[in-house]
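Commentary on secondary and tertiary structure
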Amino acid sequence: MSNRKPYTRPMPRTWWLDHPFYRFYMVREATVLPLVFFTLSLTAGLICLVQGPQAWQSWLDYMAHPVVIILNLVALVASLFHATTFFSMMPQVMPIRIKGKLLDGKWVIGAQWAAVAVISLIALVLI
């Protein structure tokens, strides 16, 4: 048995800044932060809705604050960016074959955006 220590390469905290692929990956993963704010705001809204009209009105006043509106817009942009990158990866992650032929990735991505559009229209009609 040897008493030598194995070589461990130093790993700085900013290792991901050195390569564009990892920078893009970290930015994509950071899009969850504005979505956490949005989810917590909606959860608070549901709680206020259960508590009564006065609590609901205070939540509506909170949501009308300019900072909250800006944060919600940031969450929307982050959500769209995340969806775009997710949809663009789908043909590579899960290739679809029909009768032995590989389906073009543009069709898969288009079908996903079409599903988003249909669901959004249904939500708009119901609300």
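Residues numbered from 1 in each chain as written. Predicted model: local features only at pLDDT ≥ 70, side-chain atom pairs only at ≥ 80, totals over all residues. Heavy atoms only, no water.

- Per an unreviewed UniProt entry, the recorded name for the protein is Fumarate reductase subunit C, and the organism is Salinivibrio kushneri.
- The UniProt entry for the protein carries this comment under Subcellular location (unreviewed entry): "Cell membrane".
- Its UniProt record gives the protein the following Subunit (unreviewed entry) comment, quoted word for word: "Part of an enzyme complex containing four subunits: a flavoprotein (FrdA), an iron-sulfur protein (FrdB), and two hydrophobic anchor proteins (FrdC and FrdD)." (UniProt positions renumbered as here; feature names shortened; annotations may be inferred.)

**A look at the overall build of the protein**
- In terms of helices and strands, the protein carries five helices and two strands.
- For the protein, the N- to C-terminal ordering of α and β elements is α-α-α-α-β-β-α.
- On C-alpha atoms alone, the protein measures out to a radius of gyration of 22 Å, which is more than a quarter above the 14 Å that the 2.2 N^0.38 rule sets for 127 residues.
- Overall, the C-alpha framework of the protein stretches about 70 × 55 × 30 Å when taken along its three principal axes.
- When the 127 residues of the protein are sorted by exposure, 17% land in the buried category.
- Considering only intrachain contacts with a sequence separation of at least 6, the fraction spanning at least 24 residues in the protein is 48%.
- With the model as given, the accessible surface of the protein reaches about 10700 Å², and the carbon-plus-sulfur share is 72%.
- Across the protein, the 10 positively charged side chains and the 4 negatively charged ones have centroids separated by 17 Å. (Helix = DSSP H or I, 4+ residues; strand = E, 2+ residues; numbered from the N terminus. Rg over C-alpha atoms; globule rule 2.2 N^0.38 Å. Buried < 20%, exposed > 50% of the residue type's maximum accessible area, 1.4 Å probe, protein only. Contact = heavy atoms within 4.5 Å. Areas by Shrake-Rupley, 256 points an atom, 1.4 Å probe, with all protein chains shown as cover. Lys, Arg positive; Asp, Glu negative; His and termini not counted. Charge placed at Lys NZ, Arg CZ, Asp CG, Glu CD.)

**Structural notes on the side chain of Ser41**
- Secondary-structure assignment places Ser41 in helix α2 (residues 32-51).
- Assessed through its relative accessible area of 4%, Ser41 is described here as buried.
- In contact with Ser41, not counting residues within four places along its chain, are Trp59, Tyr62 and Met63.

**A short note on the nonpolar core**
- Counting five residues, the largest nonpolar core consists of Cys48, Ala55, Trp59, Met63 and Val68.
- With three residues, helix α3 (residues 53-63) is the single largest residue contributor to this core.
- If sequence neighbours within four positions are ignored, Trp59 has contacts with Ser41, Leu42, Ala44, Gly45 and Cys48. (Core = buried A, V, L, I, M, F, W, Y, C linked by side-chain atoms within 4.5 Å.)

**Things to note about the packing of aromatic side chains**
- Taken as a whole, this structure holds six aromatic pairs when the rule is applied.
- Relative to Tyr22, the ring of Phe21 has its centre 5.5 Å away and its plane inclined at 75°; by these criteria the two rings are edge-to-face.
- We classify Phe21 as exposed; its relative accessible area is 52%.
- Site record: aromatic cluster; members linked through ring pairs are Trp15, Phe21 and Tyr22. (Phe/Tyr/Trp six-rings, centres within 6.5 Å; stacked < 30°, edge-to-face > 60°.)

**A word on α3**
- For α3, every residue scored as buried is listed here: Ala55, Trp59 and Met63. Buried residues in α3, looked at end-on, bunch into an arc of 80°, giving them a common side. Pointing more than 90 degrees away from the buried face of α3 are the exposed residues Pro53 and Gln54.
- The inward-facing, buried residues of α3 contact α2 and α4 (66-93). (Arc of directions from axis to C-beta.)

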